[in-house]
Amino acid sequence: MNATVVVTSVHEALRKQPIREFLAEFLSTYVMMVFGLGSVAHMVLGDKKHGSYLGVNLGFGFGVTMGVYVAGNVSGAHMNAAVTFTSCALGRMSWKKFPIYVLGQFLGSFTAAATIYGLFYSIIRFSGGELTVTGPTATAGIFATYLPDHMTLWRGFLDEVLLTGMLQLCLFAITDKKNPEFQGSQALVIGILVVIIGVSLGMNSGYAINPSRDLPPRFFTYLAGWGKQVFRAGDNWWWVPVVAPLLGAYLGGIIYLVFIGSNTPEKPEKLEDSAALEDHRVSVLPKTSHDPSVAPTNRSSVSSPLTSASVAHTNRSAISPSFTPVSGAPIKKSSVQPAPTVRDSMHVEHF
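Residues numbered from 1 in each chain as written. Predicted model: local features only at pLDDT ≥ 70, side-chain atom pairs only at ≥ 80, totals over all residues. Heavy atoms only, no water.

### Topic: the overall build of the protein
And step 1. For the protein, the count of helices and strands is 15 helices and zero strands.
And step 2. Long-range pairs, those at least 24 residues apart, make up 74% of the contacts in the protein with a sequence separation of at least 6.
And step 3. Per element, the accessible surface of the protein, about 19400 Å² overall, is 64% carbon and sulfur. (Helix = DSSP H or I, 4+ residues; strand = E, 2+ residues; numbered from the N terminus. Contact = heavy atoms within 4.5 Å. Areas by Shrake-Rupley, 256 points an atom, 1.4 Å probe, with all protein chains shown as cover.)

Encoded structure:
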């Protein structure tokens, strides 16, 4: 009995929207990070025989695609604290959801780092039993980004701002409802976008472009034995992949909305009101004679809520030889024209 109550309570709790969004962000981020970090582990530990830099880009890119498929219908599958921040800052989402989304992303990323550490326990043997952050046998780079020797701290900061700005600008374009080219293929195109950023611009700073991708795994390495050096390396680089993506995503979102989003024309609406459509059809009927003998017939045909084909039939019956006007005056056939057929009036409906 108690077990039934517990199951019912858990089921009711899982149906609440905030909890569903939290779990969606957790699971989608976990999926993305397992594929992404796993591809990095192959490159580092496989001595370039089982992995490559291109493989890393494909792992993260299509990991993002799988994450979108997992949670896109529930939370939108942000998987990125910078994307969530921009959505809130630009009024697309309530700030109340910000901690829910980010907490789910951070926990999912942290859990993925623990999973990869467990799967690739050969990390310890690769580095000779010592977990190092820098050097030829460094393994901390499997989990987080580190600044290379040819980059300075502030150049790396600008690099992360630019790359995340490009990411957010393209995300707004791909998910824009006024842009029908990507409808139904957003998940795949977003994954390809991440691959493109990596293969073209990822060399300088490792293209973290996501606080949820970098900080939780870095914190895991701190706890797992790599020590404080994970925060001190690269002139205290750790804060740049957290702050720079927030600024870059915000700027990229503003640029798209100002230059593109606010100027995208809407599709012309089709005439759906049948009454309005009949008014347009009746309005194109040719004028008839002012002969009082035929005036009653024309008034009845115009006021009747019939289609243009029906109006034409009424006019033809009005000029039938069996019809005898009240005044006895002969009807001028040349003054009464049949209404245009339905085919002739289709251009009005399309317009």
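On we go from here.
### Brief notes about the nonpolar core
And step 1. Counting residues in each nonpolar core, the largest one holds 43 residues, and the members touching the most others are Phe-60, Ile-123, Phe-143 and Trp-226.
And step 2. Breaking this core down by element, the ones donating at least two residues are helix H2 (17–45), helix H3 (53–71), helix H5 (98–119), helix H7 (153–174), helix H8 (186–201), helix H9 (211–226) and helix H10 (229–236).
And step 3. Ranked by residue count, the leading element in this core is H2, at seven residues.
And step 4. Filtering out sequence-adjacent residues up to four positions away, Ile-123 remains in contact with Leu-45, Tyr-117, Leu-131, Thr-139, Ile-142, Phe-143 and Trp-226. (Core = buried A, V, L, I, M, F, W, Y, C linked by side-chain atoms within 4.5 Å. Buried < 20%, exposed > 50% of the residue type's maximum accessible area, 1.4 Å probe, protein only.)

### Quick look at the side chain of Thr-221
And step 1. Note that Thr-221 resides in helix H9.
And step 2. When its relative accessible area of 0% is taken as the criterion, Thr-221 is described as buried.
And step 3. Excluding its chain neighbours within four sequence positions, the residues that come into contact with Thr-221 are Phe-143, Trp-226, Gly-227 and Val-230.

### A closer look at the pattern of salt bridges
And step 1. Per the counting criterion, the structure on display carries three salt bridges.
And step 2. When the shortest N-O distance is used, the salt bridge between Lys-97 and Glu-21 registers 3.0 Å. On the criterion of sequence distance, the pair formed by Lys-97 in the loop between helix H4 (81–89) and H5 and Glu-21 in helix H2 is long-range, its members being 76 residues apart.
And step 3. Residues Arg-218 and Asp-214 are paired through a salt bridge, measuring 2.6 Å at the closest nitrogen-oxygen approach. One end of the pair is Arg-218 and the other is Asp-214, both in helix H9 and four residues apart, which spans about a single turn. For the pair Arg-218 and Asp-214, a shared accessibility class is recorded, and that class is buried. (Salt bridge = Lys/Arg side-chain N within 4 Å of Asp/Glu carboxyl O.)

### Digging into the environment of Leu-90
And step 1. Examined against the element boundaries, Leu-90 turns out to sit in the loop between H4 and H5.
And step 2. On the basis of relative accessibility, which here comes to 23%, the residue Leu-90 falls in the partly exposed class.
And step 3. Along the backbone, Leu-90 and Gly-253 are 163 residues apart, and their C-alpha atoms lie at a distance of 8.1 Å.
And step 4. Filtering out sequence-adjacent residues up to four positions away, Leu-90 remains in contact with Phe-172, Tyr-250, Gly-253, Ile-254 and Leu-257.

### Let's talk about a nonpolar patch on the surface
And step 1. Taken together, Phe-35, Leu-54, Leu-58, Phe-62, Met-66, Tyr-69, Leu-188, Ile-192, Ile-196 and Val-199 make up a surface patch of nonpolar side chains, about 900 Å² in accessible area.
And step 2. Going through the elements one at a time, H3 and H8 are the ones with two or more residues in the nonpolar patch.
And step 3. At five residues, H3 tops the list of elements feeding residues into the nonpolar patch.
And step 4. The topology assignment puts Met-66 in helix H3.
And step 5. Here Met-66 falls in the partly exposed class, since its relative accessible area comes to 37%. (Patch = residues over 30% accessible without salt bridge, like charges linked within 9 Å, V, L, I, M, F, W, Y side chains within 5 Å.)

### A look at unusual backbone geometry
And step 1. A positive phi angle is found at Ile-209, which is not glycine, with a value near 45°.
And step 2. Position of Ile-209 relative to the elements: it lies in the loop between H8 and H9.
And step 3. Residue classification places Ile-209 among the buried positions, given a relative accessible area of 5%.
And step 4. With a phi angle near 60°, Asn-236 is a residue other than glycine that sits in the positive phi range.
And step 5. On the secondary structure map, Asn-236 appears in helix H10.

### Structural notes on the confidence of the model for the protein
And step 1. Scored by pLDDT, the protein comes out at a mean of 80, with 74% of its residues at no less than 70.
And step 2. Low pLDDT (under 50) marks residues 268–336, which in the prediction has 50 contacts with non-local residues, meaning those over four places away or in another chain.
And step 3. Confidence drops under a pLDDT of 50 for residues 339–351, and excluding neighbours within four residues, the segment shows 19 contacts in the predicted structure. (pLDDT = per-residue confidence, 0-100.)

### A word on the packing of H9 against H10
And step 1. In contact at an axis separation of 9 Å, H9 and H10 are set at 120° when each is read in the N-to-C sense. Taken together, the axis directions place H9 and H10 in an arrangement best described as oblique. Residues Leu-215, Arg-218, Phe-219, Thr-221, Tyr-222 and Trp-226 of H9 form the contact with H10, whose own contacting residues are Gln-229, Val-230 and Phe-231.
And step 2. Residues that form the contact of H9 with H10 fall into these classes: six nonpolar, two polar and one charged. (Axes fitted to C-alpha atoms, helices over the stretch in contact; angles between N-to-C directions. Parallel < 35°, antiparallel > 145°, perpendicular 65-115°, else oblique. Nonpolar A, V, L, I, M, F, W, Y, C, P; charged D, E, K, R; others polar.)

### Focus on the packing of aromatic side chains
And step 1. This model, assessed by the stated rule, comprises 18 aromatic pairs.
And step 2. Judged by centre distance (6.0 Å) and plane angle (70°), the rings of Tyr-117 and Trp-226 are edge-to-face. Placement of the pair is Tyr-117 in helix H5 and Trp-226 in helix H9, with a sequence separation of 109 residues. Of the two residues, Tyr-117 and Trp-226, neither departs from the other in class, the shared state being buried.
And step 3. For the pair Trp-154 and Trp-239, a centre-to-centre distance of 5.8 Å together with 65° between the ring planes defines the contact as edge-to-face. Remark: Trp-239 occurs in the loop between H10 and helix H11 (240–259) and Trp-154 occurs in helix H7; sequence separation between them is 85 residues.
And step 4. Under the relative-accessibility criterion, Trp-154 is labelled exposed at 54%.
And step 5. Judged by relative accessible area, Trp-239 falls into the partly exposed class, the value being 24%.
And step 6. The rings of Phe-110, Tyr-117, Tyr-121, Phe-143, Phe-219, Phe-220, Tyr-222, Trp-226, Phe-231 and Trp-238 are connected pair by pair, giving a single aromatic cluster.
And step 7. Here the guanidinium or amino end of Arg-92 rests over the ring plane of Phe-172, the centre of that ring lying 4.1 Å away.
And step 8. Looking at Arg-218, its charged tip hangs above the ring of Tyr-146, at a distance of 4.7 Å from the centre. (Phe/Tyr/Trp six-rings, centres within 6.5 Å; stacked < 30°, edge-to-face > 60°. Lys NZ or Arg CZ within 6 Å of the ring centre and 35° of its normal.)

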